[in-house]
Amino acid sequence: MHTKPRNRRLLFSLFLLLVVTSLACGSFANADTSQPTLPPAVQVPVATLPVEPPTSVLLPQIASEDQVLVDLYARLNPSVVNITIYTSAGGQTLALGQGSGFVYDAAGYIVTNAHVVHGADEIEVTFYDGLTRKAELVGEDLHSDLAVVKVDLPEGIQALPLGDMDSLAVGQTVVAIGNPFGLSGTLTRGIISALGRTIPALTIFQIPQAIQTDAAINPGNSGGPLLNLNGEVIGVNAQIETNGTSNSNVGVGFAIPVSIIQRVAPSLVENGEYTWAWLGVRGGDVTPTLVEAMKLPVEQGAYLAEIVEGGPSSKAGLQGASNSVTVDGRTIDVGGDVITAIDGLPVKTFDDVLIYTALNTSPGQQVVLTILRDGEYQDITVTLEARPAE
């Protein structure tokens, strides 16, 4: 007699279980989406969780970068030397200074800075394993601060290859190997911080296209190589910027570029000297103040403030500043020619003229300067001469 009510209660219980299960699985068509959810503090989206690459991914990458430098040093360090110079005074031979250098070719020619060996009575070269041999000065060029000495190479020492200036880029990793403070075989690492710097030479002239680097360069590094990760010499470490506060590196060093090494070193080996072409001008970049003062129709170019009397440009008829005016409280020399092109190549800065003359011309060669004078363009041909001794 009680079978039907009991069955009805059982069926009703099964129906409720089915409804609850459907809601929990999110499959109930008429589910109320306004139901409260977990508070924000409890919800943690997967995307915000910190994700760390597995150790197995990081370690090989670090190891490979380290190995590049380890292999580079093992291969190149034997070709980098310590150079010590001596002077004779009062019947005694005294150590005068110390620097670095690198093997340039298999005949025993070593490239270094001119300021490392200039004025030496005796020169000694010490190799990576402590072997020391006497060397002789082959030639030096004070205009580029480069010099070549020669020594009998020990067996197995290889020359370092030269790199390509056009392949260099700011941000590129570089290394310097040398002997800072006499600490032989020191490797430092950095990047190319800037290209195209102009640095002072050992004469009144300047060295164009220098490489700026933050690789640590200190006294004793002078003359050593700046290298890319292919093991090619891209510069000779020569100068540091100290802001006048010390003699040590503050993160700004300069190397003589491989483009100049490639021109000067072969001539030093063959002739003991290198002869630079000379235009015979002094000047600077076109500036907004100069544009206003001279009412120039251009915003860039090389302004000729002075033409050296009797020099190539003077003979060709170029003109320097002839008057001075005051603009916004500044005294400006005006009236000089503005070079806008050299041999058809655009000139945007005075350095463009220096670089082209240094790297593409020789004494006796003619160049065509496109100049702006009194608002008119004209071409003037200049026959270059050798730089004067003074």
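Everything numeric in this text was worked out from a predicted model, so none of it was measured.

**Student:** If you had to explain the packing of helix α4 (residues 258-271) against helix α7 (residues 350-360) to someone new, which residues and values would you point to?
**Tutor:** Close contact between α4 and α7 brings their axes to 10 Å; oriented N to C, the two are set at 35°. The residues of α7 that touch α4, namely those facing Ser259, Ile260 and Arg263, are Ala358, Leu359 and Asn360. Partitioning the contact of α4 with α7 into residue classes produces 3 nonpolar, 2 polar and 1 charged.

**Student:** Give a description of the pattern of salt bridges that names residues and reports values.
**Tutor:** With the rule as written, the count across this model stands at 5 salt bridges. Glu306 is the partner of Arg282 in a salt bridge, and the nearest nitrogen-oxygen pair spans 3.1 Å. Here the residue Arg282 occupies a position in strand β14 (residues 281-285), and Glu306 occupies one in strand β15 (residues 302-307), the gap between them amounting to 24 residues. It is possible to trace a salt-bridge network through shared partners that takes in Glu122, Glu124 and Lys134.

**Student:** Which residues make up the sheet that holds strand β4 (residues 122-126), and what are the values?
**Tutor:** Spatial strand order, β1-β2-β3-β6-β5-β4: 6 strands in a closed barrel with antiparallel pairing. Across this sheet, the average inter-strand angle for adjacent strands is 40°, counted without regard to direction. Relative to strand β3 (residues 109-113), strand β2 (residues 92-103) is paired through 2 bridges, and the arrangement is antiparallel. Bridge pairing in β3 links Phe102 to Val111. Running at roughly 45° to strand β6 (residues 146-150), α4 makes contact with β3, β5 (132-141) and β6 of the sheet.

**Student:** Describe in detail the packing of aromatic side chains, supporting the description with residues and values.
**Tutor:** Summed over the entire model, instances satisfying the criterion amount to 1 aromatic pair. A centroid spacing of 4.8 Å and a plane angle of 75° characterise the contact between Tyr274 and Trp276, whose relative ring orientation is edge-to-face. Both residues of the pair, Tyr274 and Trp276, count as buried. Over the ring of Phe205 we find Arg387, and its NZ or CZ is 4.5 Å from the ring centre.

**Student:** Describe the side chain of Thr361, naming the residues involved and giving the relevant values.
**Tutor:** In this fold, Thr361 is placed in the loop between α7 and β20 (366-373). Relative accessible area serves as the criterion here: at 1%, Thr361 is assigned to the buried category. A polar atom in the side chain of Thr361 sits 2.4 Å from the backbone oxygen of Thr357. Apart from the residues lying within four places of it in its own chain, the contact partners of Thr361 are Arg263, Ala277, Tyr356, Val367 and Leu384.

**Student:** Run through α4, naming residues and quoting values.
**Tutor:** Under the 1.5 Å per step criterion, the end-to-end length of α4 is 20 Å for 14 residues, consistent within 8% with the ideal 20 Å. At Val264, α4 is bent by approximately 25°, the largest bend along its length, and proline Pro266 sits one to four residues beyond. For α4, the set of buried residues is Val258, Ser259, Ile260, Ile261, Val264, Ala265, Ser267 and Leu268. Positive backbone phi, approximately 80°, marks Gly272, located one or two places after α4.

**Student:** Give a description of the nonpolar core that names residues and reports values.
**Tutor:** Ranked by internal contacts, the top residues of the largest apolar core, which has 33 residues, are Val111, Leu146 and Ile260. When residues in this core are grouped by element, the largest group, 5 residues, is from α4. Among all residues touching Val111, those that are not within four sequence positions of it are Gly101, Phe102, Tyr104, Leu146, Ala147, Val148, Gly223, Val236 and Ala265. With 19 residues, the next largest nonpolar core counts Ala302, Val353, Val367 and Ile380 among its residues.

Quick notes on the rules
- Residues numbered from 1 in each chain as written.
- Predicted model: local features only at pLDDT ≥ 70, side-chain atom pairs only at ≥ 80, totals over all residues.
- Heavy atoms only, no water.
- Axes fitted to C-alpha atoms, helices over the stretch in contact; angles between N-to-C directions.
- Helix = DSSP H or I, 4+ residues; strand = E, 2+ residues; numbered from the N terminus.
- Contact = heavy atoms within 4.5 Å.
- Nonpolar A, V, L, I, M, F, W, Y, C, P; charged D, E, K, R; others polar.
- Salt bridge = Lys/Arg side-chain N within 4 Å of Asp/Glu carboxyl O.
- Pairing = 2+ DSSP bridges.
- Phe/Tyr/Trp six-rings, centres within 6.5 Å; stacked < 30°, edge-to-face > 60°.
- Buried < 20%, exposed > 50% of the residue type's maximum accessible area, 1.4 Å probe, protein only.
- Lys NZ or Arg CZ within 6 Å of the ring centre and 35° of its normal.
- Polar contact = N/O pair within 3.5 Å; in protein donor to acceptor, adjacent residues only side chain to side chain.
- Expected span 1.5 Å × (residues − 1).
- Bend = angle between axes of the 7 residues up to and from the residue.
- Core = buried A, V, L, I, M, F, W, Y, C linked by side-chain atoms within 4.5 Å.

By themselves, these observations are geometric and do not establish any function.
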